[in-house]
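Chains, contacts and geometry: an overview
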Amino acid sequence: MGLFQREQSPEGVDFSHQIADQVRVTPEAKEQLVQLIQNEEDIVGIRIFIYGGGCGGMSYGLTFVEQPQDIDCVLEQDDLKIFVDPVALSFLEGVEVDYQTQGLNSSIVFRNVFQSIGGSGACNACGASGGGGGGCA
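No experiment lies behind these values; they were computed from the predicted model shown.

Calculation criteria
- Residues numbered from 1 in each chain as written.
- Predicted model: local features only at pLDDT ≥ 70, side-chain atom pairs only at ≥ 80, totals over all residues.
- Heavy atoms only, no water.
- Core = buried A, V, L, I, M, F, W, Y, C linked by side-chain atoms within 4.5 Å.
- Buried < 20%, exposed > 50% of the residue type's maximum accessible area, 1.4 Å probe, protein only.
- Helix = DSSP H or I, 4+ residues; strand = E, 2+ residues; numbered from the N terminus.
- Contact = heavy atoms within 4.5 Å.
- Pairing = 2+ DSSP bridges.
- Axes fitted to C-alpha atoms, helices over the stretch in contact; angles between N-to-C directions.

Core analysis: the largest hydrophobic core is formed by 22 residues, its most contacted members being Val23, Ile48, Leu80, Ile82, Val84 and Val97. Looking at this core, the elements with two or more residues in it are β1 (23-25), α1 (27-38), β2 (45-52), β4 (73-77), β5 (80-84), α2 (86-92) and β6 (95-102). If we ignore the near neighbours within four places in the chain, the residues touching Val23 are Ile48, Leu75, Leu89, Val95 and Val97.

A word on the sheet that holds β2. One open sheet accounts for four strands, arranged β3-β2-β5-β4; its pairing is mixed. Unpaired on one side and paired on the other, β3 (58-65) and β4 mark the two borders of the sheet. In this sheet, adjacent strand axes meet at a mean angle of 25 degrees when their direction is disregarded. As paired elements, β4 and β5 share five bridges and run antiparallel to each other. Opposite Gln77, over in β5, you have Leu80 as the bridge partner. Lying on the sheet, α1 is in contact with β2, β3, β4 and β5; it crosses β5 at an angle near 90 degrees.

So, about the environment of Gly45. Within the secondary structure layout, Gly45 lies in strand β2. Linking Gly45 and Glu76, residues 31 residues apart in sequence, is a C-alpha distance of 9.4 Å. For Gly45, the contacting residues outside a window of four places in its chain are Ile37, Thr63, Phe64, Val65, Lys81 and Phe83.

Below, the structure written as structure tokens:
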């Protein structure tokens, strides 16, 4: 018998890979993301991911998905599929994906990022937090 054993799920309880209300996508963002997917070959959806950490805080991004991973959670809205791995989803709970236009610039924006951990994911960079010392407060 090994040192680690896999716990069995209680009988009758299944893990759902469906994202319900943890991530919200505005109609404007949905329209833009669907257009991006339709302009690419062999793309089945969009992935929201997180990366980094440290002094600048965690960041987030989007990428195309050709083949989802077995562990992925998915938000399905008509023609749009958004994939998020469970670890990233735990940090992104409460995020709103929106599409914003300002003058000639337009982009996908994330609102309420890292709300689940009580912050914006940034600490104003090393030494810029105020006070005389560096680092994040």
